[in-house]
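# Notes for the structure review
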Amino acid sequence: MTVWLRGDHLVRRRGPLADRPDDRVLLVESESFGRKLPYHPHKLTLVFSAMRHFRDELREAGRRVEYYSVGSFREGLEAYFEAYPGETLVTPSPPTPSERTRLEAMVESAGGSVEFVADERFCCSRAMFDEWAGDADGYRHEDFYRFLRRETGYLMADGEPVGGSWNYDEENRETPPDDWTAPEPPNFEPDELTRDTAAWVRETFAGGYDAEPYGGDWADPETFRWPVTRRQAVRALDDFVENRLTEFGPYQDAMRRSEWAMGHSLLSTSLNLGLLGPAEVIKRAIAAYEDGDAPLYSVEGFVRQILGWREFLRHVYRREMPALAEANQLGADEDLPAFYWTGDTEMACLSDVVDGVRRRGYSHHIERLMLLSNFGLVYGVEPRQLNRWFHAGYVDAFHWVTTPNVVEMGLFGAGVFATKPYAASANYVDRMSDYCSGCPYDKTKATGEGACPFNALYWEFLDRNENRLRSNHRMGLVYNHLDNKDDGERAAIRERADDVRSKAERGDL
Ligand code: SF4
């Protein structure tokens, strides 16, 4: 048997690698993977450098590793089975049944066979989730989160949630005082192997992210900064728990122009590559609370992200694919504005956040949901286009991550777990950020030249989707506000929304 680890399954201490200490290990570095989308160069550097470090560490530890740098997975598998005919591969199960079928067929046609084992990057097994979900045709995150808290015992005491409440959402929505500065996030200086990988990525994948879609307007990104080894990932975890976890809680929904990381953990790349396990990061955060080093509202907020959302989205993706990727219940059909790639817009909020994505392949989750996805929602962007943009541009993005987050949560594409669209006007952005005060657009105006684009698009979104959304009981209040607008106001809103779209298409917004 051979342990076959794909590039986002770099798990050493659990799973097939730990269970089979004497078996050979296969890693295939596929160039065609890097060409599937115009991936951010930091994303490619991250995955390939982490794979190469993993290979070297395993060899240093005495493991036999076959490492192929080839054009495609198929080529790598064919080369492997030529050397080891008829071998059986053991590998973590991929995210969907169809992907499993595809991998099985690929391995068999290359001359071997494959057995799938549990994916050790998650806490909740398929069987556990399926038993919880039953045959229901929708999913409620809060119910799942409580179920998993009970199952795991995390932040539980005598069958009840620690502190008496399941969720401290209300205490996670504060905005920091003007003189607040975020603790400095860790920066992992690239070593020689990472620098070589980054140079190889630049050369091999030129014409990808840097050329999408109009080319020639790509500023040099910042130096690559993400953990590529288990050792670095553990240091990132230490740094978060010791220096930023406390600050994360109250300000997790806030946005600041000069603070790209705020108090966020920045652990998603390591979790999604398998360099860290969810249980260990949850336990570290809970230990900080128990030791009196972090408040409960911060720790619970973090546990909700990792034990709640991350596990939930992974299983919703498994069960709802392939339909979820194409879902578009609102019939949104606008093309993604070019400024998502170029950052070229006068809108202070989106210009700053897109600039951050271009520099480092990252923005935090509220910027993703309430700026980038919210704008796509009210503008009417076709969901699969925005999904592709997130998938290509973020260092922590994989299809199982972005599809439920963007298509469903951000753009209300399917209605399988989102109970309403997360549409918001400049009011929200102004309350949760410091962007509007430095923006040439007027946050208080919805119509006419100079009015904040979010405002007209927000009202026009409600107007345009009235037949579908008015009956949603969570939308009653906003439709009451829309009802207060007379025909003239509604016409001016539609005119401004059309104007915003025309300007966005011309690259003039
Ligand atoms: Fe963004 Fe509108 Fe505020 Fe400008 S005024 S920062 S475009 S929300």
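Look up: the structure comes first, before these words.
Residues numbered from 1 in each chain as written. Predicted model: local features only at pLDDT ≥ 70, side-chain atom pairs only at ≥ 80, totals over all residues. Heavy atoms only, no water.

With that settled, consider helix α23 (residues 487-506). The α-helix advances 3.6 residues per turn, and as a result positions three or four apart in sequence lie on the same side. With 20 residues, α23 extends 29 Å between its outermost C-alpha atoms, agreeing within 8% with the 28 Å of an ideal straight helix rising 1.5 Å per residue. Residues of α23 that are buried: Arg490, Ile493, Arg496, Ala497, Val500, Arg501, Lys503 and Ala504. Summarising the axial view, the buried residues of α23 lie within an arc of 165 degrees, below the 170-degree limit, and thus occupy one face. Looking at α23, the residues exposed on the side facing more than 90 degrees away from the buried face are Asp487, Glu495, Glu505 and Arg506. Contact partners of the buried residues in α23: α16 (365-379), α20 (453-464), α21 (466-469) and α22 (476-483). For α23, the N-terminal capping position is held by aspartate 486, with its side-chain oxygen 3.1 Å away from the main-chain nitrogen of glycine 488. Just past α23, the residue glycine 507 takes up positive phi, approximately 75 degrees. (Helix = DSSP H or I, 4+ residues; strand = E, 2+ residues; numbered from the N terminus. Expected span 1.5 Å × (residues − 1). Buried < 20%, exposed > 50% of the residue type's maximum accessible area, 1.4 Å probe, protein only. Arc of directions from axis to C-beta. Contact = heavy atoms within 4.5 Å. Polar contact = N/O pair within 3.5 Å; in protein donor to acceptor, adjacent residues only side chain to side chain.)

Moving on, we come to the pattern of salt bridges. In total, this model carries 40 salt bridges according to the counting rule given. When the shortest N-O distance is used, the salt bridge between aspartate 396 and arginine 368 registers 3.0 Å. Separated by 28 residues along the polypeptide, aspartate 396 in the loop between α17 (383-393) and α18 (399-410) and arginine 368 in helix α16 bring together distant segments of the chain. Assessed through its relative accessible area of 4%, aspartate 396 is described here as buried. Beyond isolated ion pairs, a larger network of salt bridges with shared partners links Asp169, Glu170, Arg173, Asp253, Glu300 and Arg304. (Salt bridge = Lys/Arg side-chain N within 4 Å of Asp/Glu carboxyl O.)

Bringing unusual backbone geometry into the picture now. Of note, the amide linkage connecting methionine 321 to proline 322 takes the cis form, showing an omega dihedral of 5 degrees. Positive phi, normally seen in glycine, also occurs at leucine 266, with a value near 60 degrees. Along the chain, the position of leucine 266 falls in the loop between α9 (230-248) and α10 (268-273). The phi dihedral of phenylalanine 412 is positive, around 50 degrees, even though this residue is not glycine. Along the polypeptide, phenylalanine 412 turns up in the loop between α18 and α19 (426-432).

The final tally for this structure, using the stated rule, is 8 cavities of 30 Å³ or more. Reported here for the largest cavity is a volume of approximately 100 Å³. Lining the largest cavity are 13 residues; nearest its centre among them are Cys349, Cys436, Cys439, Tyr441 and Cys452. Elements supplying a minimum of two residues to the lining of the largest cavity: α15 (348-360), α19 and α20. Looking at the lining of the largest cavity residue by residue, the class counts come to 12 nonpolar, no polar and 1 charged. (1 Å grid on protein atoms, 1.4 Å probe; cavity = no way out; pocket = protein on both sides within 12 Å on 5 of 7 lines; lining within 4 Å. Points joined across faces, edges and corners; volume = space filled by probe spheres on them. Nonpolar A, V, L, I, M, F, W, Y, C, P; charged D, E, K, R; others polar.)

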